[in-house]
Each structure stands twice: as structure tokens, then as C-alpha cells.
Amino acid sequence: MRHAAEAASHVTRLRELVYKTTGIKMPPSKWSMVESRLRRRSAALGMDSVEDYLRFVFDDGGLDREMPHIIERITTNKTDFFREPEHFRILAERVIPEFRLSGRRGLKLWSAAASVGAEAWSAAMVLAEAGREKPIDFAILGTDISRACSRRAAALCTLPPNSTRCHTR
Ligand SMILES: C[S@@+](CC[C@H](N)C(=O)[O-])C[C@H]1O[C@@H](n2cnc3c(N)ncnc32)[C@H](O)[C@@H]1O
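Residues numbered from 1 in each chain as written. Predicted model: local features only at pLDDT ≥ 70, side-chain atom pairs only at ≥ 80, totals over all residues.

A look at the nonpolar core
And then number 1: Core analysis: the biggest nonpolar cluster contains 11 residues, these being Ile 96, Ala 114, Val 116, Ala 120, Trp 121, Ala 123, Val 126, Leu 127, Ala 130, Cys 149 and Ala 153.
And then number 2: Contributions of two or more residues to this core are made by helix H6 (118–130) and helix H7 (147–156).
And then number 3: For this core, the element with the most residues is H6, which contributes 6 residues.
And then number 4: Setting aside its immediate chain neighbours within four residues, Cys 149 contacts Asn 77, Ser 115, Val 116 and Asp 144.
And then number 5: Membership of the second largest hydrophobic core comes to 9 residues, among which are Leu 14, Tyr 53, Val 57 and Ile 70. (Core = buried A, V, L, I, M, F, W, Y, C linked by C-beta atoms within 7 Å. Buried ≥ 20, exposed ≤ 12 C-beta atoms within 10 Å, placed from the backbone. Helix = DSSP H or I, 4+ residues; strand = E, 2+ residues; numbered from the N terminus. Contact = placed C-beta atoms within 7 Å.)

What follows is the structure, encoded as C-alpha cells:
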């Protein structure tokens, strides 16, 4: 009984911590998916169960070391070029015309949860296409909480010299 209560309290702590750190909600309906992802991490550490893993995280000083691993496992990094077509329609039909009317010199966009960058590159394609009529000076920032995604995005960012500039960190 004590064991079950402890396990439930660890799950609640994990849920609160993930929400506070990332904004990602883990309702009970998603717990089996989260648990199966964390099971792979606990197995990699030689632990028998997710319960043991959460005890290590919350009671035995593992939190700082494991937090990046937990984030990698609870984020869903699905992406595609033009995955949310409406966003790119708004960029082409509203944002770019308003930018042109504003008289500003440059346009900056931020893909704030960029995964490996397909959204940022899709926006770049829309801007490049619009720039065929009249060039647009633009910069696009892509960021993601997943370090694995950011590393992959950087690895994908190999462009011919002088075609455009691609900075990665
Ligand atoms: C489903 S993907 C979407 C990627 C891209 N925006 C697209 O539409 O193709 C969601 C991404 O959001 C990232 N993410 C989740 N919470 C985040 C946060 N608090 N800050 C930055 N990125 C976050 C995840 O790591 C994941 O790569």
C-alpha cells in the first residue's frame, strides 16, 4: 500500500515538473505512452521498472542528471515540411503583405518549437518564393527544448557557401 502511494506521488511530481519545465501536459490518458517511453530509459540504466526509475529521480538524487533524458522522452518531435498549411498560408497572404506595407527593412521569424527545422525551412521557402517578385531580407530563428532535435537540425544545416547563412548552436 505504502509502495503504491509512493509510486502515485512520484507520477504526480513528474507530471507537475514536466508541465512547469516545458508546458507539456501529461493527463492520465497519456500515462501509458509516457510510461513506455520512460521504461526504455529505466531499462538502459539497468532498472527493473519505471517505479524504480522515478524513485531514483526523486528520492536518490537523479533529477538533475535525468531531466534532459526525461524531456527527450516526453517530447513528440513529429515534423514535416508545411505540416500546418494554414500557418504558411497566413505567412504568404497576411504577414508578408503587411511587412511590405510597413516599410521595415527586415523580417524576423521564430519557430519556437522547431523540432529538426522543417517548419523553419518551410517558412524560408515561402519567403524565398515571395522574394522572387521583390527580395525580402529575412532571418528565421529555430529553437527546441529537445537537445537531440537541435543537434539534428544543426547537422541538417549544410548549405552551399554563399547561398544563404545558416548559424547553428
Ligand atoms: C510536434 S513537434 C512540432 C514541430 C514543428 N513546430 C512542426 O509543426 O512541424 C513539437 C516540438 O515542440 C518541442 N517542444 C515542446 N515543448 C517545448 C518548449 N517548452 N520549448 C521549446 N520546444 C518545445 C518538442 O521538443 C517538439 O520537437
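There's more to say after this.
Here we look at the domain arrangement of the protein chain
And then number 1: By the assigned domains, the protein chain splits into domain 1 (2–74) and domain 2 (85–156).
And then number 2: With centres defined by C-alpha atoms, the gap from domain 1 to domain 2 works out at 35 Å.
And then number 3: Between domain 1 and domain 2, the contact holds 4 residues from the first and 4 residues from the second.
And then number 4: When its residues are assigned to classes, the side of domain 1 that touches domain 2 shows 2 nonpolar, 1 polar and 1 charged. (Domains from an automatic or database assignment. Nonpolar A, V, L, I, M, F, W, Y, C, P; charged D, E, K, R; others polar.)

Some points on the environment of Leu 14
And then number 1: Along the chain, Leu 14 falls in helix H1 (residues 2–22).
And then number 2: Assessed through the 21 C-beta atoms surrounding it within 10 Å, Leu 14 is described here as buried.
And then number 3: Measuring from C-alpha to C-alpha, the distance between Leu 14 and Phe 58 comes to 8.7 Å, with 44 residues separating the pair along the chain.

Some points on the packing of helix H5 (residues 85–102) against H6
And then number 1: Where H5 meets H6, the closest approach of the two axes is 10 Å, and the angle between their N-to-C directions is 40°. Classified by the angle between their axes, H5 and H6 sit oblique to one another. As for how H5 packs across H6, the hand of that crossing is right-handed. Note on element contacts: H6 touches H5 through Ser 122, Ala 123, Val 126 and Ala 130, opposite Phe 88, Leu 91, Ala 92 and Ile 96.
And then number 2: The residue inventory of the contact of H5 with H6, partitioned by class, reads 7 nonpolar, 1 polar and no charged. (Axes fitted to C-alpha atoms, helices over the stretch in contact; angles between N-to-C directions. Parallel < 35°, antiparallel > 145°, perpendicular 65-115°, else oblique. Left-handed = near helix turned anticlockwise from the far one by under 90°.)

Details of the pairing of strand E1 (residues 106–111)
And then number 1: Pairing of E1 with strand E2 (residues 137–142), which is carried by 6 bridges, proceeds in the parallel orientation. Within the sheet, the bridge partner assigned to Ser 111 lies in E2 and is Gly 142.
And then number 2: For the crossover that starts at E1, traverses H6 and ends in the parallel E2, the hand is right-handed. (Pairing = 2+ DSSP bridges. Right-handed = clockwise from strand over helix to strand, strands pointing away.)

Here we look at the site of the ligand
And then number 1: Taken together, 19 residues surround the ligand, and among them Thr 75, Thr 79, Ala 113, Ser 115 and Ile 145 come closest.
And then number 2: Residues belonging to the shell around the ligand are distributed by class as follows: 6 nonpolar, 8 polar and 5 charged.
And then number 3: In this structure, the shell around the ligand is formed jointly by two domains, domain 1 (2–74) and domain 2 (85–156), each of which donates at least three residues. (Near = placed C-beta within 6 Å.)

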